[in-house]
Amino acid sequence: MTAQREIRLNAFDMACVGHIQQGLWTHPRDRALDYLSLDHWMDLARLLERGLFDGLFLADVLGVYDVHGGSQDAAVRHGVQIPLLDPMLLVPAMAAVTRHLGFGVTVNLAWEPPALLARRFSTLDHLTRGRIGWNIVTGYLDSAARAMGLDRQMAHDDRYGMADEFMGVVYRLWEESWAADAVKRDKASGVYADAARVSRIRHDGRQYRLDAPHLVEPSPQRTPVLYQAGASDRGRQFAATHAECVFINGGPKPHVAALVADLRKRAAGRPIRAFMGATLIVGRTTAEARDRLEEYRRHVSVEAALVHASASLGIDLAAFGMDDELPTTSEAIRSNVEALRAAAPRATKRALVDRMILGSRQPPIVGSVEDVAEALIGWVEDADIDGFNLSRTVIPECLEDVVTLLVPALQERGRYKRGYAPGTYREKLFGTGPRLVAPHPAAAVAR
């Protein structure tokens with residue numbers, strides 16, 4: 001008998017007031033306004049570890065959402081991912097109050113020198129004892145490019161070309177610069193590290209130049225666990241080469257299944273964990289869940305949702321009537337445009353708004369704990385996904401419901417772990433060693 005696949009869960013959050021479900025920060029029980037407090041983030045980490053979550057997936061952007069109406073005003077007014085903290089600075093505090101929870105942090109490589117990004121992730125890998133992951137993004141906001149002194153971002157596919165070169169450089173810093181036996185820590189001889197076993201990394205490429213050793217000694221994983229969220233054709237090519245975990249937007253089940261199948265085929269046998277974005281409203285009964293949905297809907301901001309959608313689609317939705325056909329190309333998140341087309345017969349603004357049940361393009365899964373458990377199992381079986389990135393609605397109650405109601409129901413069905421596996425984030429996710437192995441390209445330069 002084939003063993004049933006265990007479902008993996010990440011919480012999907014952002015260091016801001018309004019993340020995915022726009023407007024719910026106004027709910028009287030929501031605690032998103034506490035995002036400036038370390039206690040808020042430490043309490044969240046403790047809750048997730050109690051629920052045996054694999055990780056906390058932290059999103060990030062480096063620009064303001066100013067596509068809708070050509071202005072940033074609505075984003076600022078509604079708190080749509082602005083103001084926004086640096087997510088990397090939250091991780092040490094959360095790691096200090098947990099032992100197993102992983103942290104997948106979004107960092108945009110487009111504006112980072114490889115040496116600095118490599119040092120920060122190595123630092124976090126040491127401080128978390130091997131529990132750090134990197135969600136690799138190339139950016140999609142022209143406002144971020146302007147913040148960095150440019151007029152606009154690179155074209156979509158060119159960004160991935162730049163990212164391929166960037167990854168080759170950081171792999172060499174993490175995996176090649178320090179030999180496994182370089183560090184001696186020998187007090188008697190006064191030798192901390194064998195200089196002959198520490199190499200300068202020299203690179204002279206199209207986008208990057210480097211002539212330096214990595215400044216941090218080898219960390220538990222060396223290369224962090226690699227996440228990637230691009231689902232365009234070029235994004236899937238990049239993911240098949242580099243990613244260990246892929247974040248997929250929801251949509252019609254056949255569409256998601258086809259994306260996952262294509263990713264696994266392109267990876268040619270290299271293991272990939274596929275996480276689908278999901279929003280859950282779990283009740284002890286179906287009626288309780290539906291009542292909560294209606295309660296939440298009273299706090300949704302459609303304008304804020306359109307601000308967010310305009311930026312991620314790269315389309316000024318304020319310029320379109322409700323029944324106008326929306327453009328089918330974009331230099332922003334191209335896969336979001338493809339998902340919009342797949343979700344409705346005609347990609348119109350009305351079709352988009354109709355899907356914004358809780359202030360986002362992601363329709364929630366609503367029902368009794370038994371119904372939601374079976375719905376998640378159905379996604380795993382029918383679309384071949386490994387788990388879910390759960391976006392918050394009203395925080396912390398949405399995650400408390402998952403921990404206290406849904407997790408036990410999944411455990412009873414043999415679909416969720418009853419304890420953490422030992423080791424690093426990578427070891428917990430894949431049951432292998434702490435470092436990347438062939439055929440991953442990082443393994444080709446490892447020493």
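Note that the structure is a prediction, hence the values are computed from the model and not measured.

### Observations regarding the environment of Gly161
With respect to the helices and strands, Gly161 occurs in helix α6 (residues 156–176). Taking the relative accessible area as the measure of exposure, Gly161 reaches 35% and is therefore partly exposed. Once the C-alpha coordinates of Gly161 and Arg234 are considered, the two residues, 73 residues apart in sequence, prove to be 9.3 Å apart.

### Concerning the sheet that holds strand β3 (residues 102–108)
What the eight strands build is a closed barrel, ordered β1-β2-β3-β4-β9-β10-β11-β14; its pairing is parallel. Pairwise comparison of adjacent strand axes, ignoring direction, gives a mean angle of 25° for this sheet. Pairing of β3 with strand β4 (residues 132–137), which is carried by six bridges, proceeds in the parallel orientation. Of the residues in β4, the one forming a bridge with Gly104 is Gly133. Together, β3 and β4 form the strand contacts of helix α4 (residues 114–127), whose direction differs from that of β4 by roughly 150°.

### Considerations on the nonpolar core
Side chains of nonpolar character tend, in soluble globular proteins, to be buried together. In terms of nonpolar packing, the biggest core is built from 92 residues, with Phe53, Trp134, Met167, Leu280 and Phe388 touching the most fellow members. Each residue touching Leu280, except ones within four places of it in the same chain, is listed here: Ile365, Val372, Leu376, Leu390, Val402 and Leu406. Met14, Tyr65, Val80 and Phe247 belong to the second-largest nonpolar core, a separate cluster that totals 26 residues.

### Thoughts on unusual backbone geometry
Excluding glycine, a negative phi dihedral is what most residues carry, and trans is how most peptide bonds are arranged. Cis geometry marks the peptide bond from Ile82 to Pro83; its omega dihedral reads 0°. Among the structural elements, Pro83 can be located in the loop between α2 (73–78) and α3 (91–96). Residue Ile395 is joined to Pro396 through a cis peptide bond whose omega torsion reads 10°. Examined against the element boundaries, Pro396 turns out to sit in the loop between β14 (387–391) and α14 (397–412).

The rules behind these values
- In this numbering scheme, every chain counts its residues from 1 along its sequence in written order.
- It should be noted that, the model being predicted, local features are given only for residues of pLDDT at least 70 and side-chain atom pairs only at 80 or more, the latter also being counted only at that level, while totals for whole chains, interfaces and linings use all residues.
- No hydrogens and no water enter the side-chain calculation; it runs on all heavy atoms of the structure.
- Helix and strand assignments come from DSSP, with helices taken as H or I runs of at least 4 residues and strands as E runs of at least 2, each series counted from the N terminus.
- Think of it in three bands: residues with accessible area under 20% of the maximum for their type are buried, residues over 50% are exposed, and the middle band is partly exposed, with areas taken using a 1.4 Å probe on protein chains only.
- When DSSP finds two or more bridges between two strands, those strands count as paired.
- Each axis is a line fitted through C-alpha atoms, taken for helices only over the stretch in contact, and angles between the N-to-C directions span 0 to 180 degrees.
- Here, residues are in contact when the closest pair of their heavy atoms is within 4.5 Å.
- Buried Ala, Val, Leu, Ile, Met, Phe, Trp, Tyr and Cys residues form a nonpolar core when they are joined through side-chain atoms within 4.5 Å.

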